[in-house]
Number of protein chains: 2
Amino acid sequence: MEIVILGAGNIATHLAKALKNKGFTIAQIYSRTAESAKALSDMLDVPYITEIDDLYKNAAVYIYALKDSALETLISRINVPEAIHIHTAGSVSLNIFQDKTSRYGVIYPLQTFSKTKNIDFENIPLLVEGNNAETTKILMDIANRLSTQCFQVNSEQRAKLHLSAVFACNFTNYMYAIAEELVTESNLPFDILKPLIAETADKINNLSPKLAQTGPAVRYDANILEKHIAMLQHKPELMKIYKELSEQIHKMATTNQ
Amino acid sequence: MEIVILGAGNIATHLAKALKNKGFTIAQIYSRTAESAKALSDMLDVPYITEIDDLYKNAAVYIYALKDSALETLISRINVPEAIHIHTAGSVSLNIFQDKTSRYGVIYPLQTFSKTKNIDFENIPLLVEGNNAETTKILMDIANRLSTQCFQVNSEQRAKLHLSAVFACNFTNYMYAIAEELVTESNLPFDILKPLIAETADKINNLSPKLAQTGPAVRYDANILEKHIAMLQHKPELMKIYKELSEQIHKMATTNQ
């Protein structure tokens, strides 16, 4: 099965590597950015193009792994109606392909990727959605070769998972960023927080986060909360976040009891 | 060196175990709650008391590992002026001991503890503060036997680290709790988010969180942000958090550029 990869960013890189490792043939890589296209092309020993007019038209599958904002324009410029077309986005509709082909869908990897950091693709949850049962089966077959964690979902579930991932990944990382900022103000290294960050993430493997919740907000310890708020006088936006999250944590903790 | 442990909760349990493992003699355990006192006493084969009047008075060190709110009352009831008195709290003043003894301080473990989950105490950062140089040295000697990550800090640094830990641990865990709530609404298991949570925590070992930040808020992708906000119509308090954090992430991302 010949596959064309459109995109050469983080997701495209990890996905293309995983596909090649599992014996799929990557026929071509497209990226508007020659540098990214060449890097991925060199890594996988696969030809690349930077002009969509040079697209290889005989592949069975076209996988679009690029920014949401670039998807629509790119799709409008591609005409391979007999192939299967797949995007990898959490919140883009399946129907973005509907005027272009009769077989299309989504394989959304629920993971955060960095180009320079290796990751075991077999453990990445892949959320699969096809435009009909036959396409879904083909997509699930592809996904199952790449990962042991494949889930057939509908559009609503996929969107909800993307939203959940924003909290579990993007907002969590922002909490780390705030913590780093505060630690740095006290002239101590961010490293000092790393065991705590690792343990916090590890804890929820055995305990629901609702039950794992600790800290001054749980018991609404006014004494500490006031001290902390006073320490954030110089950063009103962080003070606002501190107050809001503390209030909600206390509400969650009291509802649980 | 004989040590008395006051408290039998999470921190007391892990600390007492680590002290015993490293050859310190735990002379006695005190807890108001007979059940907790007995459990820790059985685990370490050490006598326990539930009445403070029965306190052993000949120990060299008294370690108070209990709720901030219980500290002051308990200290007021203990008179062993020749011993060293240590508490383990992030945000309680050193001077809580000042009328009771001439040698006192803090050993604050920067970690989140669960009673049932083992943790390698040697990797826990211990923040040490004594009331004078001589006491600080004794406290650092104790700390250095327990952990390879000991830092001498002042009260301001300790308070700031506690505040940072609220963001890095308590608020992060709350993000997990929200994610769990949303995933559950979509009838998918919370497990589906675990690889993402693990990778997000792992990523910052090699990359500053400010640079590791990803997601729709970074590029202020109005299309996705609006979809997500619409999906939170039924949970106005989560919608508020989503908007606030997205705005701040975008601000951080544009400041970094």
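Note that the coordinates shown come from a computational prediction; the quantities given were computed from them, not determined experimentally. (Residues numbered from 1 in each chain as written. Chains lettered and ligands numbered in written order. Predicted model: local features only at pLDDT ≥ 70, side-chain atom pairs only at ≥ 80, totals over all residues.)

Peer 1: Can you walk me through the pairing of strand 7 (residues 126–130) of chain B in this structure?
Peer 2: Side-chain direction in a regular strand flips from residue to residue, so the side chains alternate between the two faces of the sheet. All names here are of chain B. Burial analysis of strand 7 places 5 of its 5 residues in the buried class, which makes it a mostly covered element. Note: strand 6 (residues 104–109) against strand 7, 5 bridges, orientation antiparallel. Note on strand 7: the bridge partner recorded for Val106 is Glu129. Pairing of strand 7 with strand 8 (residues 150–152), which is carried by 3 bridges, proceeds in the parallel orientation. Each bridged residue has a counterpart across the sheet, and for Leu127 the counterpart in strand 8 is Phe151. For the handedness criterion, the β-α-β arrangement of strand 7, helix 4 (residues 133–146) and strand 8 is classed as right-handed. (Buried ≥ 20, exposed ≤ 12 C-beta atoms within 10 Å, placed from the backbone. Helix = DSSP H or I, 4+ residues; strand = E, 2+ residues; numbered from the N terminus. Pairing = 2+ DSSP bridges. Right-handed = clockwise from strand over helix to strand, strands pointing away.)

Peer 1: What's the story with the sheet that holds strand 3 (residues 48–49) of chain B in this structure? I'm lost.
Peer 2: Within a beta sheet, neighbouring strands are joined by backbone hydrogen bonds and run either parallel or antiparallel to one another. Residues and elements named next belong to chain B. Ordered by their spatial adjacency, 8 strands build an open sheet running 3-2-1-4-5-6-7-8, and the pairing between neighbours is mixed. Every interior strand has two partners, whereas the edge strands, strand 3 and strand 8, have only one. Bridge analysis of strand 4 (residues 61–64) against strand 5 (residues 84–87) gives 4 bridges, and the strand direction is parallel. Bridged to Tyr64 within strand 5 is His87. Sitting on the sheet, helix 5 (residues 155–185) is in contact with strand 6 and strand 7, with an inclination near 150 degrees to strand 7. (Contact = placed C-beta atoms within 7 Å. Axes fitted to C-alpha atoms, helices over the stretch in contact; angles between N-to-C directions.)

Peer 1: It is not clear to me how the relation of the copies chain B and chain A should be interpreted in this structure. Could you clarify?
Peer 2: The operation relating the pair of chain copies consists of a rotation about an axis and a translation along that axis. Mapping chain B onto chain A is achieved by rotating through 180 degrees and translating by 0.0 Å along the same axis, at an RMSD of 0.0 Å. Between the two chains, the operation in question is that of a two-fold axis. Using C-alpha coordinates, one finds that chain B approaches the rotation axis most closely at Thr172(B), a distance of 2.6 Å. A symmetric contact is evident, with 99% of the interface residues of chain B recurring at the interface of chain A. (Least-squares fit on C-alpha atoms with pLDDT ≥ 70 in both.)

Peer 1: Can you walk me through the interface of chain B and chain A in this structure?
Peer 2: With 78 residues of chain B at the interface, the matching set in chain A holds 77 residues. Of the residues belonging to the side of chain B that touches chain A, the class tally is 42 nonpolar, 22 polar and 14 charged. (Nonpolar A, V, L, I, M, F, W, Y, C, P; charged D, E, K, R; others polar.)

Peer 1: When you look at the sheet that holds strand 5 (residues 84–87) of chain A in this model, what are you seeing that I'm missing?
Peer 2: Residue and element names in this part refer to chain A. Pairing is mixed across the open sheet formed by 8 strands, whose spatial order is 3-2-1-4-5-6-7-8. Of all the strands in the sheet, just strand 3 (48–49) and strand 8 (150–152) have a single pairing partner and so form its edges. Most of the contacts of helix 2 (residues 34–44) go to strand 2 (residues 25–30), to which it runs at about 165 degrees, and overall it touches strand 2 and strand 3. Against the sheet, helix 4 (residues 133–146) makes contact with strand 5, strand 6 (104–109), strand 7 (126–130) and strand 8, and its axis sits at roughly 160 degrees relative to strand 7, the strand it touches most.

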